[in-house]
Amino acid sequence: MPGLGDRLLGESGSQVDGVSARMAQARPYRNHETQVAASGPVLIVDDDSQLRRMIRWLLEDEGLSVETAATGEEAIAQARLHPPALVILDLNLPVRTGEAVAEELRSVHGAALPIVVISSDGKIAQRARRLGASHWLSKPFEIDDLVVAIRQALYGAA
Amino acid sequence: MKRSKLDPLGQAEYGILATAGGDPVSLPQPEHNPPDVSNAATLPMLGHEELAERARRVEDSFDQLHAILDGVADGITAQGPSGQVIYANTAAARLIGYASAEDLQRTPPSELLRAFELFDEAGNPFPVDQLPSRLALTGMHPPETLIRFREVATGEERWLLVKSAPVKDEHGRVRLAINIFRDITAQRRDEEAQRFLAEATGLLASSLDYQTTLEQVARLAVPKISDWCVVDVVDDSGEARRLALAHVDPAKVAVARKLQEIYPPDSDESQGVTKVLKTGRPEMIPEISDELLTRAAKDEHHLQLLRQVGMKSAMVVPMVARSRILGAISFVSAESGRRFDFNDLELAQHLGRRAALAVDNARLYGEAQEALHLRNELFSGISHDLKNPLTGIKGMAQLLMRQVRRMETPDRDRLVEGLESIDSIASRMSAQINELLDVARLQMGQPLELESRPVEIVKLVREIVSEHQKSTEAHNIRLVTSVPRLVGDWDEVRLARVISNLLSNAVKYSPSGGDVLVEVSREENESGSWALVSVRDWGLGIPRDELSKVFLGFRRGRNVTGIQGTGIGLASARQIVELHGGRIAVSSMEGNGSTFTVWLPVGPRVSSQAEASPTLPEAA
């Protein structure tokens with residue numbers, strides 16, 4: 001997966017808004033020699049179709065392959081078809097909570113499956129910690145923050 | 001020997017009313033005997049006429065003395081050295097429980113004492129040899145003493161202030177003891193009542209948990225005010241509910257509960273709690289006779305239980321606050337033999353008003369808390385609902401900025417598509433905000449002004465269906481129309497919101513996907529011409545007992561967890577439809593989906609909503 005770190009860092013360095021300051025803490029260590037290609041697609045689970053499209057474009061631009069799901073049921077079915085390398089999970093899904101979906105995905109795809117939680121829930125930090133998410137982002141988030149979180153979750157860069 | 005019953009109205013505490021006519025009271029011999037006119041011969045100085053005149057005057061003065069003594073509110077007796085009553089005025093006879101002074105005088109002192117139990121102020125037995133009259137007969141001048149007399153036969157109690165003094169002859173021997181009794185039962189009760197009221201008020205003000213405080217008040221009322229105290233409250237649905245039933249003896253409570261269980265009070269009763277709850281006016285039965293019980297009893301067993309409770313006197317007062325009847329408090333006297341009077345009723349009414357205030361306050365507080373809670377839920381729902389599209393706008397804008405910065409020649413198609421996406425999300429947000437403003441307006445009781453103009457509903461529904469189909473891959477939204485075009489005079493934006501709301505609900509509440517059927521048709525009936533839009537899904541459905549509440553604000557089925565939303569959609573949908581002069585209805589089966597149907601008038605609007613309501617099968 002060459003290029004991802006380059007582009008991300010190159011860009012954030014030139015940013016002038018508040019994002020770069022926050023990015024500095026979360027910025028991954030630049031070491032793309034050690035990066036390994038993700039073994040599967042990123043699965044986006046969110047009931048908002050516009051949001052799914054936005055994240056899909058974002059990640060495809062980063063050279064990642066992407067699958068999407070609007071509900072927990074769809075997510076589980078998609079994951080069966082294309083075992084994901086990472087899941088971006090909205091906590092407030094119809095019918096089944098994000099927690100329940102995370103639990104089922106992990107029971108099938110292993111406890112190590114990295115999950116990045118996105119939500120507008122006020123208790124997102126607590127909920128994310130409890131379900132063992134690797135990262136969490138409050139809606140609305142900066143797309144650069146999402147890219148950093150995914151990169152860290154996938155390649156363990158710190 | 002006939003015992004007088006206490007005046008049930010308590011107006012005769014001092015015996016004033018009982019003295020009219022002057023009973024033939026005997027004064028102690030020999031003073032009592034009028035002068036004998038036959039002795040006229042020994043009084044030679046006086047003529048017959050003068051003698052007769054003097055005798056008349058003496059007789060008159062005795063009559064006057066009787067009248068005076070009988071007119072005294074206090075009871076007055078004179079006892080001879082052996083303790084026998086040789087004079088009693090009417091008030092004394094009545095206070096001690098005799099019909100007349102003669103009855104009292106005929107009763108031996110020992111029997112008189114056996115009829116009563118005596119207690120001091122603290123409730124300890126009062127020793128007979130310490131009675132003021134006994135002490136006076138020994139020549140002492142005892143101080144005024146407060147004694148509680150409890151009549152053994154009836155259980156009736158009186159508080160008497162007793163003052164006794166000896167009358168001695170020229171040799172210093174005690175000839176008489178003169179006793180004066182003042183009945184202060186009413187004052188004592190009044191003091192007790194005020195204390196009770198103060199205590200009860202304190203209890204009622206101590207907590208907003210009115211159920212507990214009313215139970216405490218009922219327990220406080222027995223036995224100070226009555227032997228029984230029962231509190232019934234009317235709940236939100238208008239049903240009366242027994243909140244408290246108190247008696248000093250738990251065994252009696254069990255009997256009363258059994259009584260109520262076997263013979264629940266009729267709703268059409270012409271008296272008692274049911275009547276008070278209906279009229280809001282107090283009821284009092286000063287004397288409950290066995291005949292009354294027999295009449296009230298539904299059968300022999302009922303009568304037996306009623307007798308077991310042993311009701312003697314009863315009063316029921318309403319709990320009224322802000323012109324609403326919130327409940328009733330019943331007081332029943334039984335083994336104490338107490339007869340309620342108007343003073344008691346007044347006290348009970350005071351208590352009823354205070355209890356009502358406490359209940360009202362507690363309920364208002366509960367409602368305010370509930371409203372606050374719902375508002376907080378709404379706020380968090382709104383912020384959630386607005387943050388989602390905001391994420392899309394922000395993300396898409398950042399994404400496009402990135403591309404423009406990065407590339408020499410940005411991908412024009414993607415740029416247009418991204419900007420369109422931002423525009424469409426922003427429109428959605430704007431619609432959401434308008435909807436919230438509508439809801440806020442409706443909740444504040446401000447009417448919405450419809451912006452009606454001709455709308456072709458088949459096209460409108462088709463657009464909404466297509467939009468919703470884009471947002472779901474798991475559902476197949478089918479549109480069936482029985483008419484090619486259907487034009488009405490409606491508010492297009494708000495109507496679109498209603499239909500969109502129904503569709504997103506159908507999608508949202510059939511999480512496993514599947515068919516959603518949307519039908520548009522026209523219906524003609526006696527009430528006019530109607531456009532029908534129905535949305536059917538085969539999802540979770542709505543539990544039967546919640547079906548009637550779906551159009552109320554802030555409701556979501558209890559079989560729904562994890563589905564976001566504020567629950568305000570259907571309430572405002574109904575209001576919008578009704579503003580159009582139409583109607584919305586739902587039918588559903590839990591586990592087998594729901595059908596929402598909207599009727600909208602086609603053609604000129606009928607002014608009144610009631611007249612415009614289409615005839616349709618009763619929903620829910």
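See above for the structure.
This section reports on the structure supplied with the text.

For chain A, the helix and strand inventory stands at seven helices and five strands. The helix and strand sequence of chain A, counted from the amino end, reads α-α-β-α-β-α-β-α-β-α-β-α. Counting only residues that meet the buried cut, chain A has 56% of its 158 residues in that class. Counting only contacts in chain A whose residues sit at least 6 apart along the sequence, the fraction spanning at least 24 positions is 65%. Carbon and sulfur atoms make up 51% of the accessible area of chain A, which totals about 6600 Å².

Below, the discussion takes up the overall build of chain B. Per the secondary structure count, chain B includes 17 helices and 18 strands. Looking at chain B as a whole, 45% of its 620 residues are labelled buried. Look at the contacts in chain B between residues 6 or more apart in sequence, and 65% of them connect residues 24 or more apart. When the accessible area of chain B is evaluated, it comes to approximately 32200 Å², of which 53% is carbon and sulfur surface.

Across the boundary between the two partners, chain A contributes 32 residues, which contact 31 residues of chain B. A buried area of about 3000 Å², summed over both sides, lies between chain A and chain B, and 50% of it is on carbon and sulfur atoms. Across the contact surface, chain A and chain B share six salt bridges. A salt bridge links Arg-53 of chain A to Glu-417 of chain B, with the nearest nitrogen and oxygen atoms 2.8 Å apart. Our enumeration of links across chain A and chain B arrives at twelve residue pairs in polar contact (both at pLDDT 80 or more). For the side of chain A that touches chain B, the secondary-structure elements that each account for two or more residues are helix 1 (4–14), helix 3 (49–61), helix 4 (72–81) and helix 7 (143–155) of chain A. Per element, the largest residue contribution to the side of chain A that touches chain B is nine residues, and it comes from helix 3 of chain A. Each residue belonging to the side of chain A that touches chain B can be placed in one class, and the counts come to twelve nonpolar, six polar and 14 charged.

What follows concerns the sheet that holds strand 4 (residues 115–119) of chain A. All names here are of chain A. With respect to topology, five strands assemble into an open sheet ordered 2-1-3-4-5, the strand pairing being parallel. Looking at strand neighbours, the two that pair on one side only are strand 2 (66–69) and strand 5 (135–138), the edges of this open sheet. Averaged over all pairs of adjacent strands, the angle between strand axes in this sheet comes to 15°, irrespective of strand direction. In the sheet, strand 1 (residues 42–45) pairs with strand 3 (residues 86–90) via four bridges, with the strands oriented parallel. Considered in strand 3, the bridge of Val-45 is made with Leu-89. Packed on one face of the sheet, helix 5 (residues 98–109) meets strand 3 and strand 4 and runs near 160° to strand 3. Packed onto the sheet, helix 7 meets strand 3, strand 4 and strand 5 and runs at close to 170° relative to strand 5.

Our focus in this paragraph is the pairing of strand 17 (residues 583–588) of chain B. As defined by bridge partners, strand 17 of chain B adjoins strand 18 (residues 594–601) of chain B across six bridges and the pair is classed as antiparallel. Paired with Ala-585 of chain B across the two strands is Thr-597 of chain B, which belongs to strand 18 of chain B.

Moving on, we get to the side chain of Ser-510 of chain B. Residue and element names in this part refer to chain B. Structurally, Ser-510 can be placed in the loop between helix 15 (492–508) and strand 15 (514–525). A relative accessible area of 2% means that Ser-510 is categorised as buried. Contacts of Ser-510, omitting those with residues within four sequence positions, involve His-475, Val-516, Asp-537 and Gly-539.

A few words now on the nonpolar core. Residue and element names in this part refer to chain B. Ranked by internal contacts, the top residues of the largest apolar core, which has 41 residues, are Ile-457, Val-461, Trp-490, Ile-499, Val-518 and Phe-596. Of all the elements in the fold, those that place two or more residues in this core are helix 14 (457–470), helix 15, strand 15, strand 16 (528–537), helix 16 (569–579), strand 17 and strand 18. Looking at this core element by element, the count peaks at eight residues for helix 15. Setting aside residues no more than four positions away along its own chain, Phe-596 makes contact with Leu-502, Val-533, Ser-534, Val-535, Ile-542, Val-550, Phe-551, Leu-570, Ala-585 and Val-586. Formed by 37 residues, the second largest nonpolar core is a distinct cluster that contains Leu-197, Val-222, Val-231 and Ala-362.

Here we come to the environment of Ala-314 of chain B. Within the secondary structure, Ala-314 of chain B is located in strand 10 (residues 313–321). A C-alpha to C-alpha distance of 9.2 Å links Ala-314 of chain B and Gly-272 of chain B, two positions 42 residues apart in sequence.

Turning next to the packing of helix 7 of chain A against helix 12 (residues 342–406) of chain B. Packing of helix 7 of chain A against helix 12 of chain B leaves a shortest axis separation of 9 Å and a crossing angle of 85°. Our classification of the angle between helix 7 of chain A and helix 12 of chain B gives roughly perpendicular. Each of Ile-143, Asp-144 and Val-147 of chain A in helix 7 of chain A lies in contact with helix 12 of chain B, whose residues at this interface are Gly-395, Gln-398, Leu-399 and Arg-402 of chain B. Of the residues belonging to the contact of helix 7 of chain A with helix 12 of chain B, the class tally is three nonpolar, two polar and two charged.

This part covers the pairing of strand 3 of chain A. On a regular strand, one side chain projects to one face of the sheet and the next to the other, so that they alternate. Residues and elements named next belong to chain A. Burial analysis of strand 3 places five of its five residues in the buried class, the great majority of the element. Residues Leu-86, Ile-88 and Asp-90 of strand 3 are buried on one face, and the alternating residues Val-87 and Leu-89, pointing to the opposite face, are buried as well. In this sheet, strand 4 lies alongside strand 3 in parallel orientation, the contact comprising four bridges. Directly across from Asp-90, in strand 4, lies its bridge partner Ile-118.

Looking now at unusual backbone geometry. Here the amide bond leading from Lys-139 of chain A into Pro-140 of chain A is cis, since omega sits at -10°, within 30 degrees of zero. Look at Arg-322 of chain B: it is not a glycine, yet its phi comes out positive at around 45°. For Arg-322 of chain B, the location among the structural elements is in the loop between strand 10 and strand 11 (324–333). Owing to a relative accessible area of 52%, Arg-322 of chain B belongs among the exposed residues under this scheme. Backbone geometry at Ser-323 of chain B places phi at a positive 60°, although glycine is not the residue there. Inspection of the secondary structure assignment puts Ser-323 of chain B in the loop between strand 10 and strand 11.

Residue and element names in this part refer to chain B. Tracing the backbone shows Leu-95 in helix 2 (residues 90–96). For Leu-95, a relative accessible area of 5% puts it in the buried group. Expressed as a C-alpha distance, the spacing of Leu-95 and Gly-75, which sit 20 residues apart in the sequence, is 6.9 Å.

Let us now look at the sheet that holds strand 3 (residues 116–119) of chain B. Residues and elements named next belong to chain B. The strand order across the open sheet formed by six strands is 2-1-6-5-4-3, and the pairing between neighbours is antiparallel. If you trace the sheet from one side to the other, it starts and ends with strand 2 (85–88) and strand 3, each paired once. Direction aside, the axes of adjacent strands within the sheet are offset by 30° on average. Pairing between strand 4 (residues 145–151) and strand 5 (residues 157–168): six bridges, direction antiparallel. The residue bridging Arg-148 from the neighbouring strand is Trp-159, located in strand 5. Against the sheet, helix 6 (residues 185–206) contacts strand 4, strand 5 and strand 6 (174–183), and its axis sits at roughly 140° relative to strand 5.

With that settled, consider the packing of aromatic side chains. Overall, the coordinates contain two aromatic pairs over all chains when judged by the stated rule. Plain terms: the ring middles of Phe-116 of chain B and Phe-149 of chain B are 5.7 Å apart, the flat faces sit at 90° to each other, and that makes the pair edge-to-face. With Phe-116 of chain B in strand 3 and Phe-149 of chain B in strand 4, the pair connects residues that are 33 residues apart, well separated along the chain. For the pair Phe-551 of chain B and Phe-596 of chain B, a centre-to-centre distance of 6.0 Å together with 90° between the ring planes defines the contact as edge-to-face. Taken as a pair, Phe-551 of chain B in the loop between strand 16 and helix 16 and Phe-596 of chain B in strand 18 lie far apart in primary sequence, 45 residues in all. Grouping residues by exposure puts Phe-551 of chain B and Phe-596 of chain B together as buried. The ring of Trp-159 of chain B carries Arg-188 of chain B above its face, with NZ or CZ at 4.1 Å from the centroid. Geometry around Trp-57 of chain A places Arg-414 of chain B over its ring, the cationic atom sitting 4.3 Å from the centre.

Reading the values: rules and limits
- Residues numbered from 1 in each chain as written.
- Chains lettered and ligands numbered in written order.
- Predicted model: local features only at pLDDT ≥ 70, side-chain atom pairs only at ≥ 80, totals over all residues.
- Heavy atoms only, no water.
- Helix = DSSP H or I, 4+ residues; strand = E, 2+ residues; numbered from the N terminus.
- Buried < 20%, exposed > 50% of the residue type's maximum accessible area, 1.4 Å probe, protein only.
- Contact = heavy atoms within 4.5 Å.
- Areas by Shrake-Rupley, 256 points an atom, 1.4 Å probe, with all protein chains shown as cover.
- Buried area = accessible area lost by both parts, 1.4 Å probe.
- Salt bridge = Lys/Arg side-chain N within 4 Å of Asp/Glu carboxyl O.
- Polar contact = N/O pair within 3.5 Å; in protein donor to acceptor, adjacent residues only side chain to side chain.
- Nonpolar A, V, L, I, M, F, W, Y, C, P; charged D, E, K, R; others polar.
- Pairing = 2+ DSSP bridges.
- Axes fitted to C-alpha atoms, helices over the stretch in contact; angles between N-to-C directions.
- Core = buried A, V, L, I, M, F, W, Y, C linked by side-chain atoms within 4.5 Å.
- Parallel < 35°, antiparallel > 145°, perpendicular 65-115°, else oblique.
- Phe/Tyr/Trp six-rings, centres within 6.5 Å; stacked < 30°, edge-to-face > 60°.
- Lys NZ or Arg CZ within 6 Å of the ring centre and 35° of its normal.

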